[in-house]
Amino acid sequence: MRAATRLGRLGTESAYVVLDAAKRLEAAGHRVLHLEIGEPGIPTPAHVVEAGVRALREGRTRYAVAAGVPELRDAIALALARRGVRAMAENVVITPGAKPMLFCAALALIEPGDDVLCPDPGFPIYESVVRFAGGTPVYYPLDAARGFAPDVDALEARITRRTRALILNLPHNPTGGVASPENLARLAEIAQRHDLWVVSDEVYAPIRYDGRYDSIAAVPGMAERTVLVDGFSKAYSMTGWRLGFGVMPKWLAGPMTTLIINNFSCTATFVQYAGIAALTGTQEPLERWVASLRATRDALVPGLNAIDGITCASPAGAFYVFPDVSAVLERTSLTADGLAERLLAEAHTAVLAGSAFGPAGAGHLRLSYAGARADVELALERLRGWVGSLAATV
Ligand code: PLP
């Protein structure tokens, strides 16, 4: 027996592979620090949990309308005004997480043979779903000197007649990069001139330390060519609830909903009610959390830069740092993968190798600082000690 060859086109997320290895170490009795997985270390806000439980008790346990509960779609459209995005419930399609919307968007927009511009480094699922849909990912670089914003000139130089879509992720995983308004305006102008779709992954939108947003869908003329992808996992610590959405032109929401009907039918109904509470209730837990992330970042970045051989920019958004460890690699003849593996095995600290995010990630690590502050500080201490001991043995 054999499975369809298309399965071979799928990539994966190394975070899950490393998490698995870390869990095995934990099962053997070790205290492992988890900086590999992009998961908030805070609980889902109490009022959101309460709304989910109440929805269950009230019997909201049946199929929902395929595109999503109308009140949630309304609440999303309203909340997007904060980002300058004008949307109505009819533009919104609910999915069990942002990831299914990335998958559906790829299937809905990409023809076999199309090129799709993907950030390098970038979330590995972009490349995976583009290939799965029959397209070819074409990497565009980020500008490390400008806070890892998309390098617009380099991006435009990669556009050909085959280019169908541009994937943006702001704030960006794995670098924490954001774009300036000028940067976004130029990207929008390029998308319009070359008639491109834009898939704008904004799952980290509320986690930006200067309180700004950069949604390309807010730029005039862009809403009709953008699928904005977002979810509740990161901002409201709802990773396990599975709740996300896409915002798109009204005419596309219909066929996108048919795609959903053919796949998961609808998103869990009671979960959608919890989502309404997340958006319409107090934003204080989110604000408090972003403030605590900022404090962790401000301790972590100087700590990393103080380690001989590591340089690290301070991210403007999301909860990842992407330190350049190439000087450590050079003097030890390790690859970033080898370094991450040994750091886990010997210092019980789980991080990801930058190479998991594309060729431009070589020589880097990705550390998530979304967990408890004390764990992040202990991880920094272990990293410092371990890199020091490596230097001593070379
Ligand atoms: N997009 C990016 C850039 C991510 O980093 C992640 C999760 O790590 C997702 C999407 C998936 O989010 P969700 O849990 O809503 O599927």
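Residues numbered from 1 in each chain as written. Predicted model: local features only at pLDDT ≥ 70, side-chain atom pairs only at ≥ 80, totals over all residues. Heavy atoms only, no water.

J.: Before we go on, may I ask you to explain the overall build of the protein chain in this structure?
T.: Scanning the protein chain from N- to C-terminus turns up 13 helices and 13 strands. Relative to the globule expectation of 21 Å for 394 residues, the C-alpha radius of gyration of the protein chain, 21 Å, shows essentially globular dimensions. Summarising its shape, the C-alpha atoms of the protein chain cover approximately 60 × 55 × 55 Å along the three principal directions. When contacts within the protein chain are restricted to residue pairs at least 6 apart in sequence, long-range pairs at least 24 apart make up 74% of them. Surface summary for the protein chain: the accessible area is close to 16700 Å², and the carbon and sulfur share equals 54%. Separation of charge centres in the protein chain, based on 38 positive and 40 negative side chains, amounts to 4 Å. (Helix = DSSP H or I, 4+ residues; strand = E, 2+ residues; numbered from the N terminus. Rg over C-alpha atoms; globule rule 2.2 N^0.38 Å. Contact = heavy atoms within 4.5 Å. Areas by Shrake-Rupley, 256 points an atom, 1.4 Å probe, with all protein chains shown as cover. Lys, Arg positive; Asp, Glu negative; His and termini not counted. Charge placed at Lys NZ, Arg CZ, Asp CG, Glu CD.)

J.: Would you explain the site of the ligand in this entry?
T.: Close to the ligand lie 13 residues; A98, D201, Y204, S233 and K234 are nearest. Contact distances for the ligand include 3.0 Å between an oxygen atom and a backbone N or O atom of K99. Considering only residue class, the shell around the ligand consists of five nonpolar, four polar and four charged. (Near = heavy atom within 4 Å. Polar contact = N/O pair within 3.5 Å; in protein donor to acceptor, adjacent residues only side chain to side chain. Nonpolar A, V, L, I, M, F, W, Y, C, P; charged D, E, K, R; others polar.)

J.: Before we go on, may I ask you to explain the pairing of strand 13 (residues 365-368) in this structure?
T.: Look at any regular strand and the pattern is simple: side chains alternate between the two faces of the sheet. The two faces of strand 13 match: L365 and L367 on one face and R366 and S368 on the other face are all buried. Where strand 12 (residues 352-353) and strand 13 come together, two bridges link them in antiparallel fashion. When the bridges of strand 13 are listed, L352 appears paired with R366. (Buried < 20%, exposed > 50% of the residue type's maximum accessible area, 1.4 Å probe, protein only. Pairing = 2+ DSSP bridges.)

J.: I keep staring at the domain arrangement of the protein chain and nothing clicks. Help me out?
T.: Put simply, an interface is often sized by how much accessible area is lost when its parts join up. With domains assigned, the protein chain is organised as domain 1 (5-43 + 284-393) and domain 2 (46-280). Taking only C-alpha atoms, the centre of domain 1 and the centre of domain 2 are 25 Å apart. Buried surface at the junction of domain 1 and domain 2, both sides included, amounts to about 2900 Å², of which 62% is carbon and sulfur. One can count one salt bridge joining domain 1 with domain 2. Here E13 makes a salt bridge to K99, at a shortest N to O gap of 2.5 Å. One can count 18 residue pairs in polar contact (both at pLDDT 80 or more) joining domain 1 with domain 2. Looking at which element gives the most residues to the side of domain 1 that touches domain 2, the answer is helix 10 (residues 284-305), with seven residues. Taken together, the residues of the side of domain 1 that touches domain 2 sort by class into 24 nonpolar, six polar and seven charged. (Domains from an automatic or database assignment. Buried area = accessible area lost by both parts, 1.4 Å probe. Salt bridge = Lys/Arg side-chain N within 4 Å of Asp/Glu carboxyl O.)

J.: I tried to follow the sheet that holds strand 13 on my own but got confused; where do I start?
T.: On the basis of which strands lie adjacent, the open sheet formed by three strands has the order 10-13-12 and antiparallel pairing. A strand with exactly one partner marks an edge of an open sheet, and here the two such strands are strand 10 (320-321) and strand 12. Where strand 10 meets strand 13, two bridges bridge the pair, whose relative direction is antiparallel. Looking across to strand 13, one finds that Y320 is bridged to S368.

J.: Would you explain the pattern of salt bridges in this entry?
T.: Opposite charge on two side chains permits them to pair, given that their charged atoms come into close proximity. One pass over the full model with this rule turns up 21 salt bridges. R162 is the salt-bridge partner of D115, the closest N and O atoms lying 3.6 Å from each other. Remark: R162 occurs in the loop between helix 6 (152-157) and strand 6 (163-169) and D115 occurs in strand 3 (residues 115-120); sequence separation between them is 47 residues. Taking the relative accessible area as the measure of exposure, D115 reaches 7% and is therefore buried. Members of the salt-bridge network, linked through shared partners, are R83, E202 and D230.

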